[in-house]
Amino acid sequence: MREAHPIEREVGMEYYVSDADGIGGELRVDPEDFRVRELEAFDAAPVDSDPGAYANLVVRATLRGWDTNDFAARLSDALGVSRERISWAGTKDKHAVTTQLFTVRGGDPADLPDVRDADVEVVGRAGRDISFGDLAGNAFGIRVRDVERPERAEEITEQLREFGGIESDDAEDAPVVGVPNYFGQQRFGSRRPVTHVVGLHVVRGEWREAVLSYVGNPHENEPEETREARAVVDAEAERADPDWHRALDWMPGYLRYERSMLHRLDEDGAESEEDWRHALEAVPSNLQRLFVNAAQSYVFNRILSERLRRGLPFDRPVEGDVACFVDRDAPEDLFRPDTDRLQAVTGRRVDIVGKHCERGRAFVTAPLVGTETELGDGEPGGIEREILSELNLEPGDFDLPGNFESTGTRRAILVRTRMEVEESPLEFEFSLPSGSYATAVMREYLKSEPLDL
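Residues numbered from 1 in each chain as written. Predicted model: local features only at pLDDT ≥ 70, side-chain atom pairs only at ≥ 80, totals over all residues. Heavy atoms only, no water.

Chemist: A description of helix 12 (residues 378-390) should follow, citing residues and the corresponding values.
Modeler: Compared with the 18 Å implied by 1.5 Å per residue over 13 residues, the 18 Å span of helix 12 between its first and last C-alpha is a close match. Packing partners of the buried residues in helix 12 comprise helix 10 (285-310), strand 12 (362-368) and strand 13 (409-412). (Helix = DSSP H or I, 4+ residues; strand = E, 2+ residues; numbered from the N terminus. Expected span 1.5 Å × (residues − 1). Contact = heavy atoms within 4.5 Å.)

Listed below in structure tokens is the structure:
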């Protein structure tokens, strides 16, 4: 185990579990270097089914250099329909070649447009919109460019295999590797990781601090223009009579969410906590939820890092853990947890659940804290309580107004996958359950600047 990069430590990812030096290199130099294909859990009826019963057209799109939201907007514009009629299961990065399903409510195959850098295939029809729950996982094909130490890949794979805790039954099978199920850097902001900082302030009811953490608070990794604008915000916030219009004039037009908040401060003033909350609510509802989700993710990452620091296992439980079982409907070789099936691990169940974990049938979990969270017992529960206490949080704090409220859930602390590594060029092929990050795997191999991931 070795210390992680400083930017990763800002978001709670404090360690690598593999001790070997990284291979170096860069990801996503070209979109084709990062290929993602959804592992679907969504059944479609034949395309000639009755549109009255199956109102949604189901299409599979392979996109090169398209952000999912941008493609959906382009599709809705071309079809002349509301953006709300386009749905998908998982949001994908634009610096990739991605294959995923979309549903178009009321769509007709004859109306589908030709879209640049998009190959759209009609799959069938469905009686409902596709949603996040219809995504079982993702299959990745990742090429690393400018590799400095390719010979390290085999050593890292072996160390991750040991961490994952599963021996392959067949010597010809690709090894099963495991890594901490960290939330990746992109959850918090790759260049400016502040989303969780905003969320922590929200959960504590510190609305002024939440707004200023997002609109002000310059970060060394962002461009000079935005650093200067945020510095003006911070300077105005220190004044007895802030000039929010001046701060708005400094804020670049492309930072539209920051400008939306400043508009409200300029128009409504900032006399009360309600005014600051109203300013924060200028952003879309999904971003409001993301602030709190990022705070939960940061707490989760911190819990995992502390567990690593103490040397507690990830591949099996200890007294006081809470485990979940595998999703029995997941595609073959996709180690997908079912966090609706939880089991407190006490007494004799430590060994019983441990055997399930060894066979890939169960996972140890940690909380994504919310109002309905029940913390663990023993040393794992002690870690959870210590991290929450350090951050001045408790589950009841997530009882928040509007889109900020969260009931919480639990998440597996270990993600496992079969890892296939090809040489010349160096490529990695593996699959992950939905919600797990490919960068959490690849960071162990590269050990390079997080922005290169």
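Chemist: Which residues make up the pattern of salt bridges, and what are the values?
Modeler: Proximity of charged atoms lets side chains of opposite charge pair with each other. Going through the model one piece at a time under the given rule, you end up with 38 salt bridges. Arg64 is the salt-bridge partner of Glu32, the closest N and O atoms lying 2.4 Å from each other. Taken together, the positions of Glu32 in the loop between strand 2 (15-16) and strand 3 (34-40) and Arg64 in strand 4 (residues 56-64) put the pair 32 residues apart, joining distant regions of the chain. Notably, a salt bridge pairs Arg35 with Glu427, separated by 3.8 Å at the nearest N-O pair. Within this pair, whereas Arg35 is found in strand 3, its partner Glu427 is found in strand 16 (residues 427-433), the two being separated by 392 residues in sequence. For Arg35, a relative accessible area of 28% corresponds to the partly exposed category. Each of the salt bridges in this network shares a partner with another, and the network as a whole consists of Glu306, Arg309, Arg310, Glu379 and Glu386. (Salt bridge = Lys/Arg side-chain N within 4 Å of Asp/Glu carboxyl O. Buried < 20%, exposed > 50% of the residue type's maximum accessible area, 1.4 Å probe, protein only.)

Chemist: Provide a residue-level description of the packing of aromatic side chains, including the pertinent values.
Modeler: Applying the stated criterion across every chain, the model contains twelve aromatic pairs. Here the aromatic rings of Trp66 and Phe71 are separated by 5.8 Å at their centres, their planes lie at 75 degrees, and the arrangement is edge-to-face. Given a relative accessible area of 11%, Trp66 falls into the buried group. Geometrically, the ring pair formed by Tyr214 and Phe291 is edge-to-face, given 5.4 Å between the ring centres and 70 degrees between the ring planes. Taken together, the residues span a long stretch of sequence, with Tyr214 in helix 5 (residues 207-215) and Phe291 in helix 10 at a distance of 77 residues. Phe291 shares its class with Tyr214; the two are buried. Following the ring pairs from residue to residue traces out a cluster consisting of Trp66, Phe71, Trp88 and Phe102. We note Lys447 situated over the ring of Tyr16; from NZ or CZ to the ring centre the distance is 5.4 Å. (Phe/Tyr/Trp six-rings, centres within 6.5 Å; stacked < 30°, edge-to-face > 60°. Lys NZ or Arg CZ within 6 Å of the ring centre and 35° of its normal.)

Chemist: I'd love a proper account of the pairing of strand 6 (residues 97-105), names of residues and values included.
Modeler: Across the nine residues of strand 6, eight count as buried, placing the element largely inside the fold. Judged from the three bridges that link them, strand 3 and strand 6 form a sheet pairing that is parallel. Residue pairing across strands places Val36 opposite Thr98, the latter belonging to strand 6. With nine bridges connecting them, strand 4 and strand 6 associate as antiparallel partners. Paired with Thr62 across the strands is Thr99, a residue of strand 6. Pairing between strand 5 (residues 86-88) and strand 6: three bridges, direction antiparallel. Bridged to Ile86 within strand 6 is Val104. (Pairing = 2+ DSSP bridges.)

Chemist: Tell me about a negative patch on the surface, and name the residues and values.
Modeler: Negative charge collects at one region of the surface, where Asp241, Asp243, Asp249, Asp266, Glu267, Asp268 and Glu271 lie side by side. For the negative patch, the element with the most residues is helix 8 (residues 256-268), which contributes three residues. As for its position among the elements, Asp241 is in the loop between helix 6 (224-238) and helix 7 (244-250). Under the relative-accessibility criterion, Asp241 is labelled exposed at 60%. (Patch = residues over 30% accessible without salt bridge, like charges linked within 9 Å, V, L, I, M, F, W, Y side chains within 5 Å. Areas by Shrake-Rupley, 256 points an atom, 1.4 Å probe, with all protein chains shown as cover. Lys, Arg positive; Asp, Glu negative; His and termini not counted. Charge placed at Lys NZ, Arg CZ, Asp CG, Glu CD.)

Chemist: Describe in detail the environment of Ile387, supporting the description with residues and values.
Modeler: Mapped onto the elements of the fold, Ile387 is located in helix 12. Taking relative accessible area as the criterion, Ile387 reaches 6% and is therefore assigned buried. The spatial distance from the C-alpha of Ile387 to the C-alpha of Glu444 is 24 Å, given a sequence separation of 57 residues. The residues contacting Ile387, other than those within four sequence positions of it, are Val299, Arg302 and Ile303.

Chemist: Tell me about the sheet that holds strand 10 (residues 322-326), and please be specific about residues and values.
Modeler: Spatially, 11-10-12-13 is the arrangement adopted by the four strands of the open sheet, whose pairing is antiparallel. Every interior strand has two partners, whereas the edge strands, strand 11 (337-344) and strand 13, have only one. This sheet shows a mean twist of 45 degrees between the axes of neighbouring strands, independent of strand direction. Here strand 10 runs beside strand 12; their pairing, made up of four bridges, is antiparallel. Each bridged residue has a counterpart across the sheet, and for Cys324 the counterpart in strand 12 is Phe363. Along the sheet face, helix 10 touches strand 12 and strand 13 and points at about 125 degrees away from the line of strand 12. (Axes fitted to C-alpha atoms, helices over the stretch in contact; angles between N-to-C directions.)

Chemist: Tell me about the nonpolar core, and please be specific about residues and values.
Modeler: Counting 89 residues, the largest nonpolar core has Leu280 and Phe430 as the members making the most contacts within it. For this core, the leading source of residues is helix 10, giving eleven residues. One finds Leu57, Ala61, Val104 and Val115 within the second-largest nonpolar core, a separate group that totals 14 residues. (Core = buried A, V, L, I, M, F, W, Y, C linked by side-chain atoms within 4.5 Å.)

Chemist: Account for the packing of helix 4 (residues 195-203) against helix 10, with residues named and values stated.
Modeler: In the contact formed by helix 4 and helix 10, the axes pass within 7 Å of each other and the chain directions differ by 100 degrees. Relative to helix 10, the element helix 4 lies roughly perpendicular. Within the contact between the two elements, helix 4 uses Thr195, His196, Val198, Gly199, Leu200, Val202 and Val203 and helix 10 uses Leu290, Phe291, Val292, Ala294, Ala295 and Tyr298. Here the residues of the contact of helix 4 with helix 10 sort into ten nonpolar, three polar and no charged. (Parallel < 35°, antiparallel > 145°, perpendicular 65-115°, else oblique. Nonpolar A, V, L, I, M, F, W, Y, C, P; charged D, E, K, R; others polar.)

Chemist: Any details on unusual backbone geometry? Residues and values, ideally.
Modeler: The residue after Ser424, namely Pro425, is reached through a cis peptide bond having omega 0 degrees. Summarising the element assignment, Pro425 is placed in the loop between strand 15 (420-422) and strand 16. Even without glycine at this site, Asp117 takes up a positive phi of about 55 degrees. Along the chain, Asp117 falls in the loop between strand 6 and strand 7 (118-126). On the basis of relative accessibility, which here comes to 35%, the residue Asp117 falls in the partly exposed class.

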